[in-house]
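Spelled out, the chains give:
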Amino acid sequence: MDSEDTVITCAVSLDWLNAQGISVRKITHKLATLRLIRSDTRELFVEVSTEKGPTTARLLLKDILVHKKFMSEGKASIKFNRDKCMLYASNAPPGLLMNFLRTLFIKMTSANGANGNGTGKVQDVRTRMLSENPCKFDDISPVTNLELARAKKFAGLSRATPTTPSPPSKKRKFDQVGSDAKGESNAKGNLMKKANVEQPIEVEPQIRLNDEQNEVLRACINGKNVFFTGSAGTGKSFLLKKIISVLPPDGTVATASTGVAACLIGGVTLHSFCGIGAGDAGLQRCIDLATRPASAQAWRKCKRLIIDEISMVDGEYFEKIEAVARNVRRNDKPFGGIQLILCGDFLQLPPVIKTAYASQQSQSKRFCFQTETWLKVISVSYELKQVHRQKDSEFIRILNFLRVGHVNDEIAKRLMATSKQKIESNGVLATQLCSHTNDSNLINESKLSNLKTEERVFEAQDSDSSYTKQLDSQVMAPSRLTLKIGAQVMLLKNINVSEGLVNGARGVVSGFTTNGGLPIIKLKNNKQYTAKPEKWIIKTPAGTLITRKQIPLKLAWAFSIHKSQGLTLDCVEMSLSKVFEAGQAYVALSRAQSLDSIRILDFDMKQVWADPDVLRFYKMFRRQLHDQTLIPLGGRSRSANDVKAKSTLAKLKKSLMDQPLVNIC
């Protein structure tokens, strides 16, 4: 357990009520700290304090009711029945709020089992008397494995994991925790009640960031303008979601250059937020569009702008939105004083520019990093190097060379050898990865029509039909899904990681249930899965949440390279003859888990190349990374630590300069 699990800073309101439920005293803090503490009599409390003032309140965690329906928006409330007080927390970083409530639940569950409220011995009279007037308070101890196991058992969530919650029908509510004599008998019953909540408090250990990811996170929290990059599979989107979760919701705008990427991080598209459309108009017209009430309000409220897949935002558009931000916010600082957090890999897919628009802009500003604005706004840069998607060291090495457009005879020979591999099994055919979306759609429609079995149609349930078009562009699940027995399909959500039910898993429709007609899928790993409707949530520029409920499947005889974003494919075939962009071949190959799961047809070394401008940028980028790590060693006499630091720097410099990127520039 980290300290962030027991302390959270946010807006806090305390409201004390009389017996009739009427407010008799109210305190509001725009910024306050909530801390979980324990008294010298082992009682748990929530302490409310401000940075300058004294402690506002210490509320005993006994007989409480937690409301967490809007936890994902940084809001929650705790009703202290014993103290007749309501605590309202708002503008809390969603991830930290969830960890805080999770720790609260685990500690209270442990107390219930150990202090006479479940299975332990009843407190003696002296302990009960002392508990009414504690004199010393300490931070609570870290969560132990025993406490974690007890909480899992108590909540009935032993099958849940951080990435794989229990099935919806078995989601539990941890809202009511009672420890007084009256509430002891029904406390567990209240905990185990079903609830209509989107996000139950998880009781499993959380996935932790590695050192390089934590360094990026700290820079973002400290308010720096950050750009971080990395090859495919290094956890950029995972880190970005973590960054979003630890920043206050008010003023934090998460965007992405594509609809699919925006959906993955729970944000909106950059174009919809900016309010200038595709940016085809002149600068003054773009400023006029952005000063419309809704767009202007969004710009003025924004304090932190996050942009995922920044590599697909062209330089001209980047400069326009910077100028728009300054004008709308009436602030001469770059981007009107907004903190920027940018993420992407320029060695993957480049910006898509319309031909008419491309003729008007300078070719020297195709990428964001080629603009003067980039040099002004980015203060620190980072590169993630640890690959998580692939475990095959040979495949990782090959991908690193392909990323920079370097293919030697050895690599070409190894990739060409995959053309003879049999990667199909259990009736699951390889997904054909196409460079054009239209090609993949035609293949899927043709293969489905050739099946002679009866078709079943599944219509999506959208919370607002006026946003169906936006949902189609951002959500992988189609609005209308047609399936037949024998159809090749792909799973579009992480359902159960331990069972192989992950985003990108391949299968074939083997039948439909007699009750409800749900599709039964036989997976490549020979396991069976009944596909039930799942929910996708996206945000509108105004902050409204729109949902789509649909069977989490898509036809998978073929898939486009652009639409494979965020997927890890376990059975894929590709012909790169129609590759038309730098980095496209690398993106296609990096979707695969290993060399054993791909088949490459007609491989040609000429199909793999990287943009020379991008290579030059990354060469300078790595030199800057080296300069960022320089440590001043001081005077003439050097300690052992100084010598060690200098040695470490020398090794770091050598490792950076030994990368294939530098060798081919």
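Our structure is the block above this text.
Residues numbered from 1 in each chain as written. Predicted model: local features only at pLDDT ≥ 70, side-chain atom pairs only at ≥ 80, totals over all residues. Heavy atoms only, no water.

1. As for helix α11 (residues 315–329)
Compared with an ideal rise of 1.5 Å per residue, which puts 15 residues at 21 Å, α11 spans 21 Å between its outermost C-alpha atoms and is within 8% of the ideal. Among the 15 residues of α11, 11 are classified as buried, and the element is accordingly described as predominantly covered. Listing the buried residues of α11 in full gives Gly315, Tyr317, Phe318, Glu319, Lys320, Ile321, Glu322, Ala323, Val324, Ala325 and Val328. By the N-cap criterion, in which a side-chain oxygen at the helix start approaches the backbone nitrogen of a residue two or three places on, α11 is capped by Asp314, the distance to Glu316 being 3.1 Å. (Helix = DSSP H or I, 4+ residues; strand = E, 2+ residues; numbered from the N terminus. Expected span 1.5 Å × (residues − 1). Buried < 20%, exposed > 50% of the residue type's maximum accessible area, 1.4 Å probe, protein only. Polar contact = N/O pair within 3.5 Å; in protein donor to acceptor, adjacent residues only side chain to side chain.)

2. Digging into the sheet that holds strand β22 (residues 519–523)
Taking strand neighbours across the sheet as the criterion, the 5 strands line up as β23-β22-β21-β20-β26 in an open arrangement whose pairing is antiparallel. Both outer strands of the open sheet, β23 (528–530) and β26 (553–555), are each paired with one neighbouring strand and no more. Direction aside, the axes of adjacent strands within the sheet are offset by 40° on average. For β22 and β23, the ladder comprises 3 bridges, and the chain directions are antiparallel. Looking across to β23, one finds that Ile520 is bridged to Thr530. (Pairing = 2+ DSSP bridges. Axes fitted to C-alpha atoms, helices over the stretch in contact; angles between N-to-C directions.)

3. Overview of the packing of aromatic side chains
This model, assessed by the stated rule, comprises 19 aromatic pairs. A centroid spacing of 5.0 Å and a plane angle of 70° characterise the contact between Phe227 and Trp374, whose relative ring orientation is edge-to-face. Placement of Phe227 in strand β10 (residues 226–230) and of Trp374 in helix α13 (residues 372–377) is noted, with a sequence separation of 147 residues between them. Accessibility assignment for this pair places Phe227 and Trp374 in one class, buried. Centre to centre, the rings of Phe227 and Phe617 are 6.4 Å apart; their planes meet at 55°, and the pair counts as tilted. Linking Phe227 in strand β10 with Phe617 in helix α19 (residues 612–628), this pair joins segments that are 390 residues apart in sequence. Here Phe227 and Phe617 have matching classes, each one buried. (Phe/Tyr/Trp six-rings, centres within 6.5 Å; stacked < 30°, edge-to-face > 60°.)

4. Overview of the sheet that holds strand β14 (residues 339–343)
One open sheet holds the 6 strands; their spatial order is β12-β11-β13-β14-β10-β15, and the pairing between them is parallel. The two strands at the open ends of the sheet, each matched to only one other strand, are β12 (268–269) and β15 (380–384). Across 2 bridges, strand β11 (residues 252–256) lies against β12 in parallel orientation. Looking at β12, one finds that Thr255 is bridged to Val268. Contacts between helix α6 (residues 236–246) and the sheet are confined to β10, β11, β13 (304–308), β14 and β15, with β10 contributing the most and set at about 150° to the helix. (Contact = heavy atoms within 4.5 Å.)

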